[in-house]
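Listed below, chain by chain, are the residues.
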Amino acid sequence: MSKKQRREAHETDRRITIRWKVMLALSIILIALGLFVDWPPPQEISVPNTSSFLIILGGLLGAVGLLTALRGE
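1. Quick look at a positive patch on the surface
No. 1: On the surface, Lys3, Lys4, Arg6 and Arg7 cluster together to form a positively charged patch.
No. 2: Of note, arginine 7 is situated in helix α1 (residues 3-36).

And the structure:
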């Protein structure tokens, strides 16, 4: 590989690392908001509870972040 290709590969690896770290940080924040903030009950019955929604969304985002981290290695 040429020097330019190695530099581009390193830059791509760095970007992937930043992305999965951001995804994991956001997932931790969403799960913490879902667990520790007292949200008012939903106004409509068909709307899910805010806490459970944030926990599920944080879990999904965390799973995607972990899969991205595993794919990058």
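After presenting the structure, the write-up continues.
2. A word on the side chain of serine 51
No. 1: Inspection of the secondary structure assignment puts serine 51 in helix α2 (residues 50-72).
No. 2: Among residues more than four places away in sequence, those in contact with serine 51 are Gly34 and Trp39.

3. What to know about the pattern of salt bridges
No. 1: Counted by the stated rule, this structure contains two salt bridges.
No. 2: Note that arginine 14 is salt-bridged to glutamate 11, the shortest N-O span being 2.6 Å. Placement of both arginine 14 and glutamate 11 in helix α1 is noted, with a separation of three residues, approximately one turn of the helix.
No. 3: Note that arginine 15 is salt-bridged to glutamate 11, the shortest N-O span being 3.6 Å. On the criterion of helical spacing, the pair formed by arginine 15 and glutamate 11 is a turn pair, its members being four residues apart in helix α1.
No. 4: Overall, the relative accessible area of 27% leaves glutamate 11 in the partly exposed class.

4. Comments concerning α1
No. 1: Relative to the 50 Å expected for 34 residues at 1.5 Å per residue, α1 spans 49 Å between its end C-alpha atoms, a close match to the ideal helical length.
No. 2: Taken as a whole, α1 has its buried residues at Met23, Leu24, Ser27, Leu30 and Gly34.

5. Observations concerning the environment of leucine 33
No. 1: Tracing the backbone shows leucine 33 in helix α1.
No. 2: When the C-alpha atoms of leucine 33 and leucine 54 are compared, they prove to be 7.1 Å apart, with 21 residues separating the residues in sequence.
No. 3: Not counting chain neighbours up to four residues away, the residues in contact with leucine 33 comprise Trp39 and Leu54.

6. A closer look at the environment of tryptophan 20
No. 1: Counting through the fold element by element, tryptophan 20 comes out in helix α1.
No. 2: According to the relative accessible area criterion, tryptophan 20 is partly exposed, its value standing at 22%.
No. 3: In sequence terms tryptophan 20 and valine 64 are 44 residues apart; their C-alpha atoms lie 7.9 Å from each other.
No. 4: Each residue touching tryptophan 20, except ones within four places of it in the same chain, is listed here: Gly65, Thr68 and Ala69.

Criteria and cut-off values
The residue numbers shown here count from 1 along each chain, following its written sequence. Only residues with pLDDT of at least 70 are given local features in this predicted model, and only at 80 or more are side-chain atom pairs given and counted; all residues enter the totals for whole chains, interfaces and linings. As a rule here, side-chain values cover all heavy atoms of the structure and leave hydrogens and water aside. Like charges are joined within 9 Å and nonpolar side chains (Val, Leu, Ile, Met, Phe, Trp, Tyr) within 5 Å, but only among residues with over 30% relative accessible area and no salt bridge; these make up the patches. Throughout, the Shrake-Rupley method with a 1.4 Å probe supplies accessible areas, and for residues the shown protein chains are the sole cover considered. When a carboxyl oxygen of Asp or Glu lies within 4 Å of a side-chain nitrogen of Lys or Arg, that pair is called a salt bridge. Two residue types count as positive, namely Lys and Arg, and two as negative, namely Asp and Glu; His and chain ends fall outside the count. In this description, the location of a charge corresponds to atom NZ of lysine, CZ of arginine, CG of aspartate or CD of glutamate. Numbering goes from the N terminus for both helices and strands, where a helix is a DSSP run of H or I of at least four residues and a strand is a run of E of at least two. Note on contacts: a residue pair is in contact if any heavy atoms of the two residues lie within 4.5 Å. Relative accessible area decides the class of each residue, using a 1.4 Å probe on protein chains only: under 20% of the type maximum gives buried, over 50% gives exposed, and in between gives partly exposed. Given a helix with a known number of residues, its expected span is that number minus one, times 1.5 Å.

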